[in-house]
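Results of the structural survey
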Amino acid sequence: LRGGPEKYTANGAFKAPGERRAEFQARVEANDNVYRLNVDAVELAVGELSWRGSVQNLTLDVERGIEFERILMGNGPQRLKATGVWQFSGPDDIEADLENFDLAVLGILYPDQALDLEGGVDLHFEFRGDLDREPTIVAEGTLTDARLWDIAPVNAAYLIGFDEGILEADAQVDLGGRG
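Conventions we followed
- Residues numbered from 1 in each chain as written.
- Predicted model: local features only at pLDDT ≥ 70, side-chain atom pairs only at ≥ 80, totals over all residues.
- Heavy atoms only, no water.
- Pairing = 2+ DSSP bridges.
- Helix = DSSP H or I, 4+ residues; strand = E, 2+ residues; numbered from the N terminus.
- Patch = residues over 30% accessible without salt bridge, like charges linked within 9 Å, V, L, I, M, F, W, Y side chains within 5 Å.
- Areas by Shrake-Rupley, 256 points an atom, 1.4 Å probe, with all protein chains shown as cover.
- Salt bridge = Lys/Arg side-chain N within 4 Å of Asp/Glu carboxyl O.
- Lys, Arg positive; Asp, Glu negative; His and termini not counted.
- Charge placed at Lys NZ, Arg CZ, Asp CG, Glu CD.
- Buried < 20%, exposed > 50% of the residue type's maximum accessible area, 1.4 Å probe, protein only.
- Phe/Tyr/Trp six-rings, centres within 6.5 Å; stacked < 30°, edge-to-face > 60°.

Taken together, the 13 bridges between strand 9 (residues 117–130) and strand 10 (residues 134–148) define a ladder with antiparallel strand orientation. Among the inter-strand pairings, Leu117 is bridged to a residue of strand 10, identified as Leu148. Hairpin connection from strand 9 to strand 10: three residues lie between these consecutive antiparallel strands. Where strand 10 meets strand 11 (residues 151–163), nine bridges bridge the pair, whose relative direction is antiparallel. Bridged to Ala139 within strand 11 is Ile160. Counting the residues between successive antiparallel strands, the hairpin from strand 10 to strand 11 contains two residues, one of them, Trp149, with a positive phi of roughly 55°.

Here you go:
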């Protein structure tokens, strides 16, 4: 961490069990209880799997919450994009898109807990309202060329919603000729 008292540059690297690591280069501005963060480069890795990206205009107000203009992470054709506001008290508004996500990554990230899955996922997620009390959640997307245990190929389009305590789901699923 270099600079001060209001502007800093930060470079860091962390390692954790399971061949997990993170590296970043960031610029930080501090003003009273508000911190603005721009991460010009971040890499998150587990073993040989590496996601690289950036975070633009993340603001932490220690009394109100977190707002971020854009989080972008990628690995080859896989992308995660997110934007939003998470308030400590009050309505939240977060959107995220996951594109070309390879389900096999779950086995790498959670080797002791992951289901036996393969295939690709595209997902659009929305979190609205007060996530701690009365969230509204919408998830819609597709599952393509998946293998779930011994069933393949599995293809699906789905829409899942949760609002006012009610969970609704709509899906069209092709279980590779199994029904």
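A surface patch of negative charge is lined by Glu134, Asp163, Glu164 and Glu168. With respect to the helices and strands, Glu168 occurs in strand 12 (residues 166–174). Taking relative accessible area as the criterion, Glu168 reaches 56% and is therefore assigned exposed.

The next point concerns the packing of aromatic side chains. Under the counting rule described, the total for this entry stands at four aromatic pairs. Ring plane angle 45° and centroid distance 6.3 Å describe the contact between Trp51 and Phe101, whose orientation is recorded as tilted. Separated by 50 residues along the polypeptide, Trp51 in strand 5 (residues 49–61) and Phe101 in strand 8 (residues 92–102) bring together distant segments of the chain. Across the pair, exposure class does not vary: Trp51 and Phe101 are buried alike.

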